[in-house]
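Chain and residue survey
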Amino acid sequence: MRNFFSILFVTLSVMYTIKGSVSGNSYHKYCRSNLLGDQNCFFTVAYWFNFVDFRQWLDKLSETVGDVSLNIHCYYGAYIYLPFPFRARHLKKLHIKNCLIRMYLSEWKAPKKYPDTLEDLLIANSEISIDLPSMEEVITTPLTKQTDCGQETLQRMAMRNVTVKPIIKEPTSEKILNSFETFTEKMKSVKYMCDYKHLYFLERSGDGALNKNFMDIYTEKGHYPRLKTIKMSSNNLVNFPEQFTNWQEYFPTLHQLDLSNNSIANFTFNNQMKSSTNYVTLVVNLKQNYIRTLPSNIELYLSQSPIILDIRENPIECDCGAERLGKYLREVRRRFPLYKPLTEYVCESPAQVKGVKLIYINYEKCSQL
């Protein structure tokens, strides 16, 4: 996917244990198969694992091969050779946890040998090592759809607590350090579209190095007609992306947006529907941010396509300025009882209402001021 390339440059601005890679037919003992030929493989890696060797083993299987699932968990310090975009014979699921990932860009411009098949991708608590010469080559070489878009068959994609470690073998060239803006513009200018027509879940959380315009790479040449859930929590986000303000334009089926545990102070949504046929309720998790003031149009958030906000654990003053929020939360409770727990904002200040839920505060005196 496009975000796999963006993450590189943002940084600059049943289970068996194996000690090494597996050879021959010994992969069988790590994989469970059924009558349909499905291969469900589990590896706990003590030292290293080579995805390319595993792929070659799949190619040599003479029997019918069904859906392939590859699950890798690394012990501390263990690494895997994992070339993007992770194509292999009938590979449907790839879960990587706690690994040091190497050779990430080793196949980025190789001819496409395998069709897109991957549906479920998770990389969690891992570190991707990238050598700067490879990054420079990506910058200066024209992109192709097969490498830029990755696998368009994805249904679930999660990058969780993933960091990138540049490998610097010689003095860093100024060209690389100043390359992100140029690279972003190049990605915007391509003639193709990345059509993620199957993707319904997208997560990129635990990444404190995101550029303020990081969402541009997702949306400039990306199409998401079925995306229902976006999770981007714990990214230290300060700016509220324009793509979320106008979410219907970019993500027309979006139902859940998780922006919790960031550093967002201001936000706004435009819920004026362009089409009268799509009334998707949007539930937005904004817990544990730095929100003090409310959008001026919050009264409209329950009209047309409803927007349900969870703004608990934010430093909002429960003074007269919070009266509009109180009305909004009470209306949510009345019309959408399923989301009542989200409306129970507990006041911290002023002192006279500390510990009181905002929905129970009487603001009649405010109208007399």
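We now turn to the structure provided with this report. (Residues numbered from 1 in each chain as written. Predicted model: local features only at pLDDT ≥ 70, side-chain atom pairs only at ≥ 80, totals over all residues. Heavy atoms only, no water.)

Looking now at the overall build of the protein chain. Helix and strand counts for the protein chain come out as 10 helices and 17 strands. Counting all 369 residues of the protein chain, 50% fall into the buried class. (Helix = DSSP H or I, 4+ residues; strand = E, 2+ residues; numbered from the N terminus. Buried < 20%, exposed > 50% of the residue type's maximum accessible area, 1.4 Å probe, protein only.)

This brings us to the side chain of Arg-55. Counting through the fold element by element, Arg-55 comes out in helix α2 (residues 51-60). The contact partners of Arg-55, leaving out residues within four places of it in the chain, are Arg-87, Ala-88, Glu-107 and Tyr-114. (Contact = heavy atoms within 4.5 Å.)

Two faces, one strand: in a regular strand the side chains alternate between the faces of the sheet. Judged from the 6 bridges that link them, strand β5 (residues 68-74) and strand β7 (residues 91-97) form a sheet pairing that is parallel. When the sheet's bridge partners are listed, Val-68 is paired in β7 with Leu-91. Here β7 pairs with strand β9 (residues 120-131) via 5 bridges, running parallel. Bridging across to β9, His-95 finds its partner in Leu-122. (Pairing = 2+ DSSP bridges.)

Time to look at the pattern of salt bridges. One pass over the structure, following the stated rule, counts 15 salt bridges. Across the pair Glu-152 and Lys-145 runs a salt bridge whose closest N-O atoms are separated by 2.6 Å. One salt bridge connects Glu-203 with Arg-160, and the closest N-O pair in it is separated by 2.7 Å. Here Glu-203 is found in strand β12 (residues 201-205), whereas its partner Arg-160 is found in strand β10 (residues 156-167), with 43 residues between them in sequence. Look at Glu-203 and you get buried, because its relative accessible area is 1%. Looking at Arg-160, the relative accessible area reads 29%, which means it is partly exposed. Here the salt bridges share partners, and the residues they tie into one network are Asp-67, Lys-92 and Glu-119. (Salt bridge = Lys/Arg side-chain N within 4 Å of Asp/Glu carboxyl O.)

If you walk through the whole model with that rule in mind, you get 25 aromatic pairs. Aromatic pair Tyr-27 and Phe-43: ring centres 5.8 Å apart, planes at 80°, arrangement edge-to-face. Here Phe-43 lies in strand β3 (residues 39-45) and Tyr-27 lies in the loop between β1 (16-18) and β2 (31-33), a separation of 16 residues in the sequence. On the basis of relative accessible area, Phe-43 is assigned to the buried category, the value being 0%. Put simply, the rings of Tyr-196, Tyr-224, Phe-240, Phe-244, Trp-247, Tyr-250, Phe-251, Phe-267, Phe-269 and Tyr-301 touch in pairs and so form one group of aromatic residues. Across the ring face of Tyr-79, the terminal group of Arg-102 is positioned such that the distance to the ring centre comes to 4.0 Å. Sitting over the ring of Phe-201, Arg-156 keeps its end group 4.1 Å from the ring centre. (Phe/Tyr/Trp six-rings, centres within 6.5 Å; stacked < 30°, edge-to-face > 60°. Lys NZ or Arg CZ within 6 Å of the ring centre and 35° of its normal.)

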